[in-house]
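Coordinates in review
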Amino acid sequence: AVVLWGGTGIMSEFVYRDVAQPLQRMVSLVRNFAEDPLKPLPETLSAAVLDHPLRETVILERALVRLSCLLQLGFGEAGAAMVGRSLQRTPEADVGGGLGENYGKILNVGRVVHAFFGFCDICYFTDLTEILQADVVRVVNSVAKIIHRSVKDNSGAPNKNMGDTFLLVWMCRAGLGVRTVADASLRSFIRAVLEVSRSKDIRKMSQRSDVQTRMPGFKVQLGFGLHYGWAVECAIGSDLKVDASYLSPNVNLASRLQAATKQYGVEILISGQTHSLFSPSVQAMCRQVDRVTLKGTVHPMDLFTYDVPATTVDGISVVDDHIISSPDTTHQLFFSALQPALSDRFRQQFSAAMELYLGGHDGSQADWKRASQILSQLCNQSGPRDGPSQAIRSYIKRRARPDGSAPQNWKGYRALESK
């Protein structure tokens, strides 16, 4: 009896230590992950777990952590609720071993959210891909790393990577007001532009002889569009393939703003609705570059840009890297250190030309002749050519009447001529 009792005790201790405890840890991991799929997971298992005598449980536990990390990377913030629902114990989830017929009940649920949507594009990507071939992956992932980290550090979340474009999202959370999140979204863009321009790895790839032979003077540049509005956060796809993303005309508008950066020769385009949500000091640092209707819109939209300044002169940094890249830097310090690139005098002259070009809310006070004169002076100034000045002057030349005045049907805005 004593031997039997002792053997039973030893066996119980073995079962608890080598089987029950690992299973409890794994069940706890799944439960915690279902409750909060975005909660950071341990990068490595503890030494005690790794030294466990039953290697099968170590392999299983490590695989579970890695699969959970991959779910976080693959679905992101938009898919958090979807992943959580699929892991929670429900009567529907108890039927069968996979999603199967339960797909609609578990995943096919959307919710309306209000957020800032940003689209980013790598300019001249098609040409770059043709030249670099497989090496273009190094450029894309280097850019993605910078953009994703910049967005994450500034209260946002990367959503989709689509080759040379990225969808980025900022939602207001507890403790963060709309203006704070709005400023953070613009800060993300500015930081990404500056870090890409400073990246040695990206510069090395863009300066390859085969790249410069086909595109002399080429450097990797980004275009950003930013818009605020509602969207449906949901799972898109089928039981064969699912993406967690957002459906809304507002998301499409952010994409069209990004595409329009090429027309205006700027890195960032911001909708008027979004601009109105910035803090007053940040609003003052942006400049209006047009008023347009975009494809899919009826009402005119003001367009704004932020002229990102150069932070190096002859290869020497004039702005501390810590101010640009540290998430601990306050918005006030960040924007005060990164004033718009153009002088106050230039901005004032451009603003006067815009008023003459637009002519009030209905266009009745437009003076295109005088606006064209001011814009011509701005375009002829020494230094880098100003894209918005050239774009508006070119439009005036094409559409003005023979005497240089605005056309009779001018309403104070124009339809953007391409996407």
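A few points on the structure. (Residues numbered from 1 in each chain as written. Predicted model: local features only at pLDDT ≥ 70, side-chain atom pairs only at ≥ 80, totals over all residues. Heavy atoms only, no water.)

On to the overall build of the protein chain, then. A count of helical and extended segments in the protein chain gives 18 helices and 11 strands. Residues classed as buried in the protein chain amount to 45% of the 419 residues present. Taking the contacts inside the protein chain whose residues are at least 6 apart along the sequence as the reference set, 69% of them involve residues at least 24 apart. When the accessible surface of the protein chain is totalled, it reaches about 22,300 Å², and 55% of it is carbon and sulfur. (Helix = DSSP H or I, 4+ residues; strand = E, 2+ residues; numbered from the N terminus. Buried < 20%, exposed > 50% of the residue type's maximum accessible area, 1.4 Å probe, protein only. Contact = heavy atoms within 4.5 Å. Areas by Shrake-Rupley, 256 points an atom, 1.4 Å probe, with all protein chains shown as cover.)

Checked against the element boundaries, Arg 191 lands in helix α8 (residues 178-198). We classify Arg 191 as buried; its relative accessible area is 4%. Contact partners of Arg 191, with chain neighbours within four places excluded, come to Arg 149, Ser 150, Asp 153, Asn 154, Ile 324, Ser 325 and Phe 334.

This part is about the nonpolar core. Ranked by size, the top nonpolar core spans 51 residues in total, and within it Val 143, Ile 147, Leu 186, Ile 190 and Tyr 306 carry the most contacts. If one sorts the elements of this core by residue count, α8 sits on top with nine residues. When sequence neighbours within four positions are dropped, the list of residues in contact with Ile 147 reads Cys 120, Phe 166, Leu 168, Ala 192 and Leu 222. (Core = buried A, V, L, I, M, F, W, Y, C linked by side-chain atoms within 4.5 Å.)

What follows covers the side chain of Arg 291. Note on placement: Arg 291 falls in strand β7 (residues 287-293). Here Arg 291 falls in the buried class, since its relative accessible area comes to 16%. There is a polar contact of 3.0 Å between the side chain of Arg 291 and the backbone oxygen of Gly 412. The residues contacting Arg 291, other than those within four sequence positions of it, are Pro 300, Met 301, Asp 302, Leu 358, Gly 360, His 361, Gly 412, Tyr 413 and Arg 414. (Polar contact = N/O pair within 3.5 Å; in protein donor to acceptor, adjacent residues only side chain to side chain.)

Bringing the state of the cysteines into the picture now. Enumeration over the complete set of coordinates arrives at zero disulfides. Just so you know, Cys 120 is unpaired, no disulfide at all, and the nearest cysteine sulfur is the one on Cys 123, 8.2 Å from it. (Disulfide = S-S within 2.5 Å.)

Taken as a whole, the largest pocket encloses approximately 1,300 Å³ of empty space. As for the largest pocket, its lining consists of 45 residues, of which Val 193, Lys 219, Gln 221, Glu 267 and Val 308 are closest to the centre. If you list the elements that add at least two residues to the lining of the largest pocket, you get α8, α9 (200-206), α11 (249-264) and α18 (387-399). Here the lining of the largest pocket takes five residues from α8, the largest share from any one element. (1 Å grid on protein atoms, 1.4 Å probe; cavity = no way out; pocket = protein on both sides within 12 Å on 5 of 7 lines; lining within 4 Å. Points joined across faces, edges and corners; volume = space filled by probe spheres on them.)

Here we take up the pattern of salt bridges. Per the stated rule, a full pass over the model turns up 14 salt bridges. With a shortest N-O distance of 3.0 Å, Arg 191 and Glu 195 are connected by a salt bridge. On the criterion of helical spacing, the pair formed by Arg 191 and Glu 195 is a turn pair, its members being four residues apart in helix α8. The residue Arg 291 makes a salt bridge to Asp 302 at a minimum N-O spacing of 2.8 Å. One end of the pair, Arg 291, is in strand β7; the other, Asp 302, is in strand β8 (residues 301-305), and 11 residues separate them in sequence. Taken together, the shared-partner salt bridges in this structure form one network comprising Arg 149, Asp 153, Arg 191 and Glu 195. (Salt bridge = Lys/Arg side-chain N within 4 Å of Asp/Glu carboxyl O.)

To continue, consider helix α6 (residues 125-132). Those residues of α6 lying buried are Phe 125, Leu 128, Ile 131 and Leu 132. Here the buried residues of α6 occupy an arc of 125° about the axis, which is enough to place them on one side. Contact partners of the buried residues in α6: β1 (111-122), α7 (136-153), α9 and α10 (209-214). With its phi angle positive at about 55°, Gln 133 sits one or two positions after the end of α6. (Arc of directions from axis to C-beta.)

Moving on to the packing of aromatic side chains. Two measures describe an aromatic ring pair: the distance that separates the ring centres and the angle between the ring planes. Tallying each qualifying case throughout the model produces 11 aromatic pairs. Measuring from ring centre to ring centre gives 5.6 Å for Phe 117 and Tyr 246, while their planes differ by 65°; the resulting arrangement is edge-to-face. Of this pair, Phe 117 sits in strand β1 while Tyr 246 sits in strand β5 (residues 242-247), and the two are 129 residues apart along the sequence. The pair Phe 117 / Tyr 246 is uniform in exposure class, with both members buried. By way of ring pairs, the aromatic residues Tyr 357, Trp 368, Tyr 395 and Trp 410 are connected into one cluster. It is Arg 287 that lies over the ring of Phe 350; its NZ or CZ is 4.5 Å from the centre. Its end group placed over the ring of Tyr 395, Arg 414 keeps NZ or CZ at 4.4 Å from the ring centre. (Phe/Tyr/Trp six-rings, centres within 6.5 Å; stacked < 30°, edge-to-face > 60°. Lys NZ or Arg CZ within 6 Å of the ring centre and 35° of its normal.)

Before going further, it helps to spend a moment on the pairing of strand β2 (residues 156-162). Across six bridges, the pairing between β2 and strand β3 (residues 165-171) is antiparallel. Across the sheet, Lys 160 pairs through a bridge with Leu 167, a residue of β3. Here β2 hands over to β3 after two residues, with Gly 163 in that stretch at a positive phi of 70°. (Pairing = 2+ DSSP bridges.)

Attention now moves to the environment of Thr 261. With respect to the helices and strands, Thr 261 occurs in helix α11. The buried category is assigned to Thr 261, whose relative accessible area is 2%. Note: C-alpha distance between Thr 261 and Leu 222 (39 residues apart in sequence) is 9.4 Å. Aside from chain neighbours lying at most four places away, what touches Thr 261 is Gly 223, Phe 224, Val 266, Glu 267, Ile 268 and Leu 269.

Moving on, we get to the environment of Gln 288. In this structure, Gln 288 sits in strand β7. The partly exposed category is assigned to Gln 288, whose relative accessible area is 22%. Each C-alpha atom, one on Gln 288 and one on Asp 302, is 7.0 Å from the other, the two residues being 14 residues apart in sequence. Sequence-distant contacts of Gln 288, that is, excluding residues within four places in its chain, are made with Asp 302, Leu 303, Phe 304, Phe 350, Met 354 and Leu 358. There is a polar contact of 3.0 Å between the side chain of Gln 288 and the side chain of Asp 302.

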